[in-house]
Every structure is written in structure tokens, then in C-alpha cells.
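# Coordinate analysis (summary)
The lines below spell out each chain.
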Amino acid sequence: MNRDEYMQCLKYRLRRLPKEDYDKAVSYFTEYFEEAGSENEAQAIHDLGSPELAADQLIRDIAMENAKEPVRDVRHGVSAVWIGILAVFAAPLGIPLALVIGVLALIFVLLILMLAGLLFTMAVITAVSSIPCIIIGVWMLFTSFADGIATIGCGLIGLGVGYWLVTGSIAFCKSIMHLTARMFGKIAKNRKSHTNRHS
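Since we're looking at a predicted model, the values are computed, not measured.

## Concerning helix 3 (residues 41-48)
The complete set of buried residues in helix 3 reads A44, I45 and L48. Axial view of helix 3: buried residues confined to an arc of 100 degrees, hence all on one face. Across from the buried face of helix 3, at angles greater than 90 degrees, the exposed residues are A42 and H46. Positive phi shows up at G49, right after helix 3, with a value of about 85 degrees.

Dropping the structure here:
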């Protein structure tokens, strides 16, 4: 196997990574071969191991790094969770066990995301439904000032509660994604140390 064949196989194994991580990984391996030079290409391939093994190891390493970092935003959290799921499948487990862990992890993640989505939707509905209340309150000021003020007050309270619920549901989603990424990172780390002990 030469460098081009190795890189082609490696890219295929890394294709499910988020674009940013995929580009970094391909750049790292490209630089590795360039530094080794064409005369040391065979030795570089030998040192890296098979492209499948190198790709799986890299995915597990990224998952462990993500487990240490706090989630910056929802997009980063989704990427971290996805890489964690890939790391579980990349871990050297038996196929049935990997499938069971992967399916359970996916169900867990989907349930958490559905819960976070439900909380976010309820928060938005609370905030948006307060706007007509404020508008009606302004209109009522001309007919019954006290009722208008009370209605505007209720609308503003609803708007404030909706805002805090939206903010809270986003924070909840981030923390859940961080915890999930950490869980996958620990699984990948445990599998890595288990493999190292038996190799």
C-alpha cells in the first residue's frame, strides 16, 4: 500500500466526521507523510498502522478531547455527541455489543434532544403568546385603564417567563450534550485502555 492508497482509505474511514474535524485529520496525516518524505513512506505507513486502525484511534482521541471541553454552543454539542457515537462504534468491541451500545446511546440522545426541543417549544410558545396579550392590553387602555394595565402586566410577565424558559432550555440542552459527549469519551477511553492492556 502506498501513500495515496493509504490516504484514500483513511479519508473513507473518516468521512462521517464533522467537516472541521475531518479537514484537521486529513491535514494532520498529509503533513505526517510530507515530513516523513517519499523515501520513508513505507516506514510512516508501518508506524501509523492500518488506515482503519489509525482512523478509529483518531476518532476515539477526538471524542476524549470533546469530553474534557465544555460545550460552546448547540452546534458544537451536536458535533461532540456525534463524534462520541462514532467513537463507540470505532472502539474494538464485538459487533453485537457495539451495536447494542450504539443503539442505546442513540435512543438516549434522541430522548434527551426531544425533551430539550419540547422545553424550547413550550418556552417560545409562552413568549410569543404574551405578545397578543400586550397588544390587547394597549387597546384596553382606552376603554378601561385598570384592565389595560393589568393585561399589559400579565403579557410582560409572560414575555419575561418565556425569555427565561428559552434561555434555560438552551443552557439545559448544552449541559446535556456536554454530559453525553463526556459519557461517550469515557466509553472510548475505557475501550482504549482495555485494548492497550491486551495488546
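## Concerning the pattern of salt bridges
Under the defined criterion, the tally for this structure stands at 2 salt bridges. The salt bridge partner of K19 is D23, with a shortest N-O separation of 2.7 Å. Here D23 and K19 lie together in helix 2 (residues 19-36), a separation of 4 residues that amounts to about one turn. With relative accessibility at 35%, the residue D23 sits in the partly exposed group. The shortest N-O distance in the salt bridge between E20 and K24 comes to 3.6 Å. Residue E20 and its partner K24 are both found in helix 2; the two are separated by 4 residues, about one turn of the helix. Overall, E20 belongs to the partly exposed group, its relative accessible area being 44%.

## Examining the side chain of T151
Along the polypeptide, T151 turns up in helix 7 (residues 145-198). The class of T151 is buried, set by a relative accessible area of 17%. Leaving out residues up to four positions away in the same chain, T151 has contacts with C133, I136, G137 and M140.

About the cut-offs
Residues numbered from 1 in each chain as written. Predicted model: local features only at pLDDT ≥ 70, side-chain atom pairs only at ≥ 80, totals over all residues. Heavy atoms only, no water. Buried < 20%, exposed > 50% of the residue type's maximum accessible area, 1.4 Å probe, protein only. Helix = DSSP H or I, 4+ residues; strand = E, 2+ residues; numbered from the N terminus. Arc of directions from axis to C-beta. Salt bridge = Lys/Arg side-chain N within 4 Å of Asp/Glu carboxyl O. Contact = heavy atoms within 4.5 Å.

Honestly, it's all geometry; don't read function into it.
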